[in-house]
Amino acid sequence: TQLLEQSPQFLSIQEGENLTVYCNSSSVFSSLQWYRQEPGEGPVLLVTVVTGGEVKKLKRLTFQFGDARKDSSLHITAAQTGDTGLYLCARDSWGKLQFGAGTQVVVTP
Amino acid sequence: DAGVTQSPTHLIKTRGQQVTLRCSPKSGHDTVSWYQQALGQGPQFIFQYYEEEERQRGNFPDRFSGHQFPNYSSELNVNALLLGDSALYLCASRPSQTRTNYGYTFGSGTRLTVV
């Protein structure tokens, strides 16, 4: 059983549309990290959320950590083709990252 | 400032052979971790090295071994390759003296294909 469940597995949208991806668990986390991985590249850290209920914004990306610190979401406003990639959530367990399976996002012109 | 450098970028090996993958961490980073990423999956933790010692290990068999050198670079060795070892192998680094939720810097990976 995956510690972190990500949904949906795949999302295809047109440029200018909004999208939300989710990361859920039955466990409580002290923090959660979001990464984006483009084809042929390694994951790149986008943000770390720490406090329950926290909302962080990174340009058109909005990250939220659930009040109970068991879930998180990533919302992209007015998606661009450059947002295409695999979005991964991860928990840092004493230096060991435990990843979800990821959401593959494809933004078409 | 170079990030994490991995070599080679691609590799094709025959079942039963042995392979060595290499990683140079980002400047200033002394902790190196290795991950295996199968197609369509998230990365899976293999092990972590710090001060030339294996500090943590994931659920991988002993065929997977590693090494860290005094300059903090690292190698991942896989013996008796199986078809199922085909994957993207990622190296990640960060400074040891960090807060708990400090993110890792990843390399672009080595794509290993076992035939």
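Located above this text is the structure these notes cover.
The model shown is predicted, which means the values in this text are computed figures rather than measured ones.

Asks: Talk me through the sheet that holds strand β7 (residues 61-65) of chain A; I want residue IDs and the actual numbers.
Replies: Residues and elements named next belong to chain A. Spatial strand order, β1-β3-β8-β7-β6: five strands in an open sheet with antiparallel pairing. Both outer strands of the open sheet, β1 (5-7) and β6 (55-58), are each paired with one neighbouring strand and no more. With strand direction ignored, the average angle separating the axes of adjacent strands in the sheet is 15°. Relative to strand β8 (residues 71-76), strand β3 (residues 19-24) runs antiparallel, the two being bridged by six bridges. Following the sheet pairing, Val21 is matched in β8 by Leu74.

Asks: Give me the lowdown on unusual backbone geometry, citing residues and values where you can.
Replies: The peptide bond linking Ser7 of chain A to Pro8 of chain A adopts the cis configuration, its omega dihedral lying at -10°. Inspection of the secondary structure puts Pro8 of chain A in the loop between β1 and β2 (10-14). Here the bond from Ser7 of chain B into Pro8 of chain B is cis, since omega is -10°, no more than 30 degrees from zero. Within the chain, Lys59 of chain A stands out as a residue other than glycine whose phi angle is a positive 55°. One can find Lys59 of chain A in the loop between β6 and β7. For Ala80 of chain B, which is not glycine, the phi dihedral falls at a positive 45°. For Ala80 of chain B, the location among the structural elements is in the loop between β8 (74-78) and β9 (87-94). Given a relative accessible area of 40%, Ala80 of chain B falls into the partly exposed group.

Asks: Before we move on, could you go through the nonpolar core and cite the residues and values that matter?
Replies: Leu19, Leu32, Trp34, Phe63, Leu74 and Ile76 of chain A are the most contacted members of the largest nonpolar core, which has 21 residues in total. If you list the elements that add at least two residues to this core, you get β3, β4 (32-37), β5 (44-49), β7, β8, β9 (85-93) and β11 (103-108) of chain A. Those residues in contact with Leu19 of chain A, other than ones at most four positions away along the chain, are Leu11, Ile13, Leu74, His75, Ile76, Ala79 and Val105 of chain A. Membership of the second largest hydrophobic core comes to 19 residues, among which are Val4, Leu21, Phe47 and Cys91 of chain B.

Asks: How would you summarise the interface of chain A and chain B if you had to cite specific residues and measurements?
Replies: Chain A puts 23 residues into the contact, and the matching count from chain B is 22 residues. Both sides together, the interface formed by chain A and chain B hides about 1500 Å², and carbon and sulfur atoms give 49% of it. Our enumeration of links across chain A and chain B arrives at one salt bridge. Here Asp92 of chain A makes a salt bridge to Arg94 of chain B, at a shortest N to O gap of 2.9 Å. If you look at where chain A meets chain B, you find nine residue pairs in polar contact (both at pLDDT 80 or more). A per-element tally of the side of chain A that touches chain B places β9 of chain A first, with four residues. A breakdown of the residues in the side of chain A that touches chain B according to their chemical character gives 10 nonpolar, 10 polar and three charged.

Asks: An account of the state of the cysteines is needed here, citing residue identities and associated values.
Replies: Here a disulfide denotes one covalent bond, and it connects the sulfur atoms of two cysteines. Evaluated as defined, the whole model comprises two disulfides over all chains. The residue that forms a disulfide with Cys23 of chain A is Cys89 of chain A, at a sulfur-sulfur distance of 2.1 Å. Note on the Cys23 of chain A and Cys89 of chain A pair: the S-S dihedral is about 75°, so by sign convention the disulfide is right-handed. Of this pair, Cys23 of chain A sits in strand β3 while Cys89 of chain A sits in strand β9, and the two are 66 residues apart along the sequence. Both residues of the pair, Cys23 of chain A and Cys89 of chain A, belong to the buried class. The disulfide bridge from Cys23 of chain B ends at Cys91 of chain B, spanning 1.8 Å between sulfur atoms. Of note, the bridge from Cys23 of chain B to Cys91 of chain B carries an S-S torsion of about -65° and is left-handed in sense. Taken together, the positions of Cys23 of chain B in strand β3 (residues 19-24) and Cys91 of chain B in strand β9 put the pair 68 residues apart, joining distant regions of the chain. Overall, Cys23 of chain B belongs to the buried group, its relative accessible area being 3%. Accessibility expressed as a relative area gives 0% for Cys91 of chain B, which makes it buried.

Rules used throughout
- Residues numbered from 1 in each chain as written.
- Chains lettered and ligands numbered in written order.
- Predicted model: local features only at pLDDT ≥ 70, side-chain atom pairs only at ≥ 80, totals over all residues.
- Heavy atoms only, no water.
- Pairing = 2+ DSSP bridges.
- Helix = DSSP H or I, 4+ residues; strand = E, 2+ residues; numbered from the N terminus.
- Axes fitted to C-alpha atoms, helices over the stretch in contact; angles between N-to-C directions.
- Buried < 20%, exposed > 50% of the residue type's maximum accessible area, 1.4 Å probe, protein only.
- Core = buried A, V, L, I, M, F, W, Y, C linked by side-chain atoms within 4.5 Å.
- Contact = heavy atoms within 4.5 Å.
- Buried area = accessible area lost by both parts, 1.4 Å probe.
- Salt bridge = Lys/Arg side-chain N within 4 Å of Asp/Glu carboxyl O.
- Polar contact = N/O pair within 3.5 Å; in protein donor to acceptor, adjacent residues only side chain to side chain.
- Nonpolar A, V, L, I, M, F, W, Y, C, P; charged D, E, K, R; others polar.
- Disulfide = S-S within 2.5 Å.

That's the geometry; what it means functionally is another story.
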